[in-house]
Amino acid sequence: MPAERSPRPTAGRPGRLAGLVVVALLLGLAAWSVAALQPPDPRPADVPAGEFSAARAFEHVEAIAARPHVAGSAANEEVVDRLVRTLTDLGLDTRVQNAVGARSGGPGEARMARVRNVVAVLPGTDPSGRLYLTAHHDSVAAAPGAADDAAGVAAILESVRALTAGAPLRNDVVVVLTDAEEACLCGAEAFAASHPLATGGVVLNVEARGTGGPPIMFETSQGNAELARVFAEAAPHPVASSLAVEVYRALPNDTDFSVLLEDGDFTGLNTAFIDGAAAYHSPRDRPERLDRGSLQALGDNVLALARDLGGRDLAALAEPAADDATYFPLPGLLVGYPGRLVWPLAGAALVAVAGLAWVLRRRGISSLRRTAAAAALALLPLVLAPLAAQGLWRALVAVRPEYAGMLDPWRPGWVRLAAVAVVVAVVLIWYALLRRRVGPAALAAGALVWLAVLGAVLAAVAPGGSYLAAWPALVGALAGTVAALAPGCVVRTLAALLTGAVALLLLAPTAALFFPAMGLSSAGVPAVVVTLAALALLPALELLFPDPSAEPGAARRRLAAAAVPATALAVAWACVAAGLAVDRFDADHPVPTRLAYVLDTDRGQARWVSTETTPAEWTARFVDGPGELDIEPPWLAGRPLLTGPAEAADLPAPEVTVASDEVVGNRREITVRVTPRRDGVRLVDLDLTVDGDTVAGSRIEGRAVPDGALGTDRLHVTFHAPPAGGLQAGFSIEGDGPVTLRATDGSHGLAGLPGYEPRPEGVDVAGAHGSDLLLVSSVTELG
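What you see is a predicted model; the values in this text were computed from it and never measured. (Residues numbered from 1 in each chain as written. Predicted model: local features only at pLDDT ≥ 70, side-chain atom pairs only at ≥ 80, totals over all residues. Heavy atoms only, no water.)

Draft legend 1. Looking closely at the pattern of salt bridges. On inspection of all chains with the given rule, the structure shows 28 salt bridges. The partner of Arg67 in a salt bridge is Glu78, with the nearest N and O atoms 2.9 Å apart. Within this pair, whereas Arg67 is found in the loop between helix H2 (54-64) and helix H3 (74-89), its partner Glu78 is found in helix H3, the two being separated by 11 residues in sequence. You can call Glu78 partly exposed: its relative accessible area is 46%. One salt bridge connects Arg621 with Glu757, and the closest N-O pair in it is separated by 3.0 Å. One end of the pair, Arg621, is in the loop between strand E12 (605-610) and strand E13 (625-627); the other, Glu757, is in the loop between strand E22 (739-748) and strand E23 (763-765), with 136 residues separating them in the sequence. Residue Arg621 is classed as partly exposed on the basis of its relative accessible area of 45%. Connected via shared salt-bridge partners are Glu226, Arg229, Glu233, Asp308 and Arg312. (Salt bridge = Lys/Arg side-chain N within 4 Å of Asp/Glu carboxyl O. Helix = DSSP H or I, 4+ residues; strand = E, 2+ residues; numbered from the N terminus. Buried < 20%, exposed > 50% of the residue type's maximum accessible area, 1.4 Å probe, protein only.)

Take a look at the structure:
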């Protein structure tokens, strides 16, 4: 199908040199916008007392993350004591909340924990409300938790020290350092449910899901317009995106912040740095791996926001605003506008793209039919480019199977660049094959159609993300219209530069943040953003392709056109080669492995269990294929499992003693004590089954099990940090049928088990809750 052209098909076409200059400028702009996200250099300990110092904060990180300190452990008791001393020495009224937190996991499921929250108050001079600074002080069982979340605790401690060195704030500042976040978010639940200071206010929660990168304000309460404005004005490093808020709200992930929002009395902001995910929850989450620049940026933001919010009228901010804001980062600042403008901008983008199609028809450049066909063809790169990026990761896993269970490699930088280059190569190949048959203008307009449509779809389902497509579509369509109405070298070059600049300023930082957020194991998701950017860049990329009127010889033109996508492919494979060469497994960057041991003492049977999809060489010594377990241990239930036979160890199951069993009214009330008989037990799992009857109520260690977990013929409760003397549990059952209780206790560490072989150098525990979990179980018939 020959391309339709105006009588002046190439009039004013910029030369190849101009094209190279435009593309170089756009690449520089993309690099600048991504570099602007990066955290600053850490500041030394001798900065003024009223400022945040990463060096001073890092001393707290070293002390807190000296070793793993899971909830209920002796190490965590030491952390709690240190936090109390530190905050008390700063002049805050500091108390420890000893309580039991409880969370429903849905019908028949609950998670509970005995918690020790550290709560301290810095009183204000004339409070209009309360500002809560929150982080969690516990770690997972396998990790020292330097980043997650010693960094958050340290950022708050150093910020509070700086606050006490300055003028008193108007509002009360309540420091809440929660326990058992890693286990079940139970510390935050216990605070919200029963602490007298949990009356509501504005929360600044600090988290980590990695060891570095820019701290991202990734979650807010509903109606965030005013809080987003405060963040944009006050935060020295305002990295945030309303798209991230929309994405996180759709994910099944939670933090302490989620629990406080569920309570209904709190508004606020949630921040975390997320790069370096390979060390997340693993033994490598040590102080020396923590990026101190990330700690500096985190602390700078916490301190600045605490000062700002500490002096504002919090009564208004403690209530949701009328709507959510749209906001996104530009170099050095956060740009935002009211949510009510989302639909007008999305509509304007649709109208502008339709206007561009009409102008192209009027100018004889492309018919409406041809533009529509180009839009349909634009679906190809939108589908194929993300698939190619995902395929790149699968190819890497095929080459290096140890990647199979990882979110990201230890050193992901080169491979991320490779994924970007693969996406660009797919788009360029598509463009090179179609530009002569369909026409450059039609293809560019067809691509903008999908950007405009996506902007409208997002406006409907995720308004905070609509800007990502609506602005590039709107600006691209307006610039393309001007270029079509006033053809000329300068106009065409400026139109291409403006279109590309807007697209890259919006999309390049988003892609840069999405790669660590999703990991290369889900590279197809950030690749969608890269694909949108590449499609918006078509007018600029067209400047690199040969001009048919200027270069004689079809063969030479075809060769010149093929050189552009071939260059992108060459860059992609060079980056892959560099990534594989740089990212080698060693003692500091080990192969992650997951292994658990499950012992059923009633049958005298044991199994090795792993949640690895493709077992590593070490793991394969223990498991021999897919399997199932008769019991449903915590963190292993409901997942595809690899299992293998294991020798039954001589370990005692928890002892179940019936304290009382009586009928009260139409209910049977049973009270039991479950006592672990092994050292180091950090959880007790209770799985109660009633034949044909209903579990109507339950209290464990004096705390009622949430109603959402009741009302079925089964109750499965995992209780973390059980008391040393045993766990008291009461069950209220409607009916008189048989009752069965399976009690399982869990500890961390597999050393000493029969048949266990220690991991060799370069192999370590994966960052997963079920890694190195030792579970011992038995069943008691309660009649």
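From this point, the discussion proceeds with the structure in view.
Draft legend 2. The state of the cysteines, seen in detail. What the rule picks out here adds up to 1 disulfide. Each disulfide pairs two cysteine sulfurs, and for Cys184 the partner residue is Cys186, the sulfurs being separated by 2.1 Å. Disulfide Cys184-Cys186: torsion about the S-S bond near -130°, hence left-handed. For the pair formed by Cys184 and Cys186, the shared burial category is buried. (Disulfide = S-S within 2.5 Å.)

Draft legend 3. Seen up close, H3. With 16 residues, H3 should reach 22 Å at 1.5 Å per residue; the first-to-last C-alpha distance of 23 Å fits that figure. Buried within H3 we find Ala75, Asn76, Val79, Val80, Leu83, Thr86 and Leu87. For H3, the angular spread of buried residues about the axis comes to 140°, placing them on one side. For H3, the exposed residues set more than 90 degrees away from the buried face come down to Ala74, Arg85 and Asp89. Where the residues of H3 are buried, they touch H2, strand E1 (93-106), strand E2 (109-122), helix H4 (146-164) and strand E4 (172-178). Directly after H3, the chain includes Gly91, whose backbone phi takes a positive value near 95°. (Expected span 1.5 Å × (residues − 1). Arc of directions from axis to C-beta. Contact = heavy atoms within 4.5 Å.)

Draft legend 4. Spotlight on the nonpolar core. Counting residues in each nonpolar core, the largest one holds 95 residues, and the members touching the most others are Trp430 and Leu538. Counting residues per element, this core draws most heavily on helix H15 (residues 413-438), which supplies 14 residues. Aside from chain neighbours lying at most four places away, what touches Leu538 is Val427, Trp430, Tyr431, Leu443, Ala444 and Ala447. Within the second largest apolar cluster, 63 residues are counted, among which are Ala135, Ala147, Val202 and Leu290. (Core = buried A, V, L, I, M, F, W, Y, C linked by side-chain atoms within 4.5 Å.)

Draft legend 5. The environment of Ala183, seen in detail. With respect to the secondary-structure elements, Ala183 resides in helix H5 (residues 181-184). Taking C-alpha positions, Ala183 is 25 Å from Val302, a pair spaced 119 residues apart along the chain. Discounting chain neighbours no more than four positions away, the residues touching Ala183 are Asp138, Trp635 and His720.

Draft legend 6. Summary view of the packing of aromatic side chains. Counted according to the given criterion, the structure contains 15 aromatic pairs. Consider the rings of Tyr132 and Phe191, whose centres lie 6.1 Å apart with planes at 75°: the pair is edge-to-face. With Tyr132 in strand E3 (residues 130-136) and Phe191 in helix H6 (residues 186-194), the pair connects residues that are 59 residues apart, well separated along the chain. According to the relative accessible area criterion, Tyr132 is buried, its value standing at 1%. By the ring-pair criterion, three or more aromatic residues cluster together here, those being Tyr597, Trp608, Trp618, Phe622 and Tyr756. Directly above the ring of Phe58 sits Arg292, whose terminal nitrogen or CZ lies 3.7 Å from the centroid. (Phe/Tyr/Trp six-rings, centres within 6.5 Å; stacked < 30°, edge-to-face > 60°. Lys NZ or Arg CZ within 6 Å of the ring centre and 35° of its normal.)

Draft legend 7. Layout of the packing of helix H16 (residues 440-461) against helix H17 (residues 467-485). Two elements in contact, H16 and H17, have axes separated by 7 Å at closest approach and are oriented at 140°. Taken together, the axes of H16 and H17 lie oblique to each other. Considering the relative orientation of H16 and H17, their crossing is left-handed. Here H16 contributes Leu448, Leu451, Ala452, Leu454 and Gly455 to the contact with H17, which in turn contributes Ala469, Ala470, Pro472, Ala473, Gly476 and Ala477. Taken together, the residues of the contact of H16 with H17 sort by class into 9 nonpolar, 2 polar and no charged. (Axes fitted to C-alpha atoms, helices over the stretch in contact; angles between N-to-C directions. Parallel < 35°, antiparallel > 145°, perpendicular 65-115°, else oblique. Left-handed = near helix turned anticlockwise from the far one by under 90°. Nonpolar A, V, L, I, M, F, W, Y, C, P; charged D, E, K, R; others polar.)

Draft legend 8. Geometry of a nonpolar patch on the surface. Residues Leu17, Leu20, Val21 and Leu25 make up a contiguous nonpolar surface patch of about 400 Å² in total accessible area. Relative to the assigned elements, Leu20 resides in helix H1 (residues 16-35). For Leu20, a relative accessible area of 48% gives the class partly exposed. (Patch = residues over 30% accessible without salt bridge, like charges linked within 9 Å, V, L, I, M, F, W, Y side chains within 5 Å. Areas by Shrake-Rupley, 256 points an atom, 1.4 Å probe, with all protein chains shown as cover.)

Draft legend 9. Inspection of unusual backbone geometry at higher detail. Of note, the bond from Asp148 into Asp149 is cis; its omega dihedral lies within 30 degrees of zero at 5°. Relative to the assigned elements, Asp149 resides in helix H4. Even without a glycine there, the phi angle at Glu701 is positive, about 50°. Note that Glu701 resides in the loop between strand E18 (694-700) and strand E19 (703-704).

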